[in-house]
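This is what each chain is made of:
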Amino acid sequence: LGLATMIVAVAIVVGFKKEVRNKVIGFGSHIQITNFDSNSSYETNPVYVNDSLLNALKNFPGIQQVETYATKPGILKTDTDFQGIILKGIDQDYDWTFFREHLKEGELITITPDTMSTNVLISRFQANLLGLKCGDSFLSYFVQDNVSARKFHITGIYDTGFLDYDKLFVVVDIKQVRF
């Protein structure tokens, strides 16, 4: 009985560890190339990426996908509430597999090279907390040298069950983060 209990406990821990790892990788990746600085904020400093670096990465054995992304902290504001968020800007090369599996309402955003989309994905946690739903709009404020605001339109709501990320990340067009 003791041995069976230990086997079940180990199986549960291993399964939980695998599920957490898959969700962390789904939000990010196995490997991320970031700027080497002591910046401990959620705003990423750009890494200069040229075509030769991208081609070298894409042709490296074992690498299946190369994606560009950027993050920027902001404040999501509705008529009655506000919440700190992290915009995760993604480009047209983004692999939507993870978010497609966790999309609960609406549809994924479409990224095109010529236009800057104002459509976003938010988490069910954020939607419930702020009383938002698909089709709603909200303002997001960013503090830099001066305060700027952007208006976004919710096209989809995701729920990964990983609250640490669900309460923070809003998925947007990378052009919105690079301003």
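In this report, the structure presented in the accompanying data block is examined.

Parameters at a glance
Residues numbered from 1 in each chain as written. Predicted model: local features only at pLDDT ≥ 70, side-chain atom pairs only at ≥ 80, totals over all residues. Heavy atoms only, no water. Helix = DSSP H or I, 4+ residues; strand = E, 2+ residues; numbered from the N terminus. Salt bridge = Lys/Arg side-chain N within 4 Å of Asp/Glu carboxyl O. Pairing = 2+ DSSP bridges. Core = buried A, V, L, I, M, F, W, Y, C linked by side-chain atoms within 4.5 Å. Buried < 20%, exposed > 50% of the residue type's maximum accessible area, 1.4 Å probe, protein only. Contact = heavy atoms within 4.5 Å. Phe/Tyr/Trp six-rings, centres within 6.5 Å; stacked < 30°, edge-to-face > 60°. Lys NZ or Arg CZ within 6 Å of the ring centre and 35° of its normal.

### Description of the environment of arginine 178
By the secondary structure assignment, arginine 178 is in the segment after helix H6 (174-177). Along the sequence, arginine 178 and threonine 71 sit 107 residues apart, while their C-alpha atoms lie 8.8 Å from each other.

### Points about the pattern of salt bridges
As enumerated under the stated definition, the model contains two salt bridges in all. Close ionic contact of aspartate 136 with lysine 133 constitutes a salt bridge, the shortest N to O distance being 3.3 Å.

### Overview of the pairing of strand E1 (residues 69-77)
Relative to strand E2 (residues 82-90), E1 runs antiparallel, the two being bridged by nine bridges. When the bridges of E2 are listed, lysine 77 appears paired with phenylalanine 82. With antiparallel pairing between neighbouring strands as the criterion, E1 and E2 make up a hairpin whose turn holds four residues. Relative to strand E5 (residues 137-143), E1 runs antiparallel, the two sharing three bridges. Each residue of the ladder has a partner; that of lysine 77, found in E5, is leucine 139.

### Structural notes on the nonpolar core
In this structure, Leu87, Val120, Ile122, Leu132, Phe138 and Val170 are the most contacted members of the largest nonpolar core, which totals 18 residues. Mapped onto this core, the elements with two or more residues apiece are E1, E2, strand E4 (119-123), helix H4 (124-130), E5, strand E6 (147-158), strand E7 (169-173) and H6. The leading source of residues in this core is E6, at three residues. Discounting chain neighbours no more than four positions away, the residues touching isoleucine 122 are Ala127, Leu132, Phe138, Ile154, Gly156, Ile157, Tyr158 and Val170. With 14 residues, the next largest nonpolar core counts Phe98, Ile111, Leu121 and Tyr158 among its residues.

### Points about the packing of aromatic side chains
In this description, an aromatic ring pair is defined by two values, namely the gap between the centres and the angle between the planes. Scanning all chains against the criterion turns up eight aromatic pairs. Between the aromatic rings of phenylalanine 98 and phenylalanine 99, the centroid separation amounts to 5.3 Å while the plane-to-plane angle is 80°, which identifies the pairing as edge-to-face. Overall, the relative accessible area of 1% leaves phenylalanine 99 in the buried class. Taken together, the aromatic side chains of Tyr94, Trp96, Phe98, Phe99 and Tyr158 make up a single cluster linked through ring pairs. The ring centre of tyrosine 69 lies 5.5 Å from the NZ or CZ of lysine 88, which sits over that ring.

### Here we look at the pairing of E7
Where burial is concerned, most of E7 is hidden: five out of the five residues are buried. Judged from the five bridges that link them, E2 and E7 form a sheet pairing that is parallel. Residue pairing in the sheet places lysine 88 in a bridge with valine 171 of E7.

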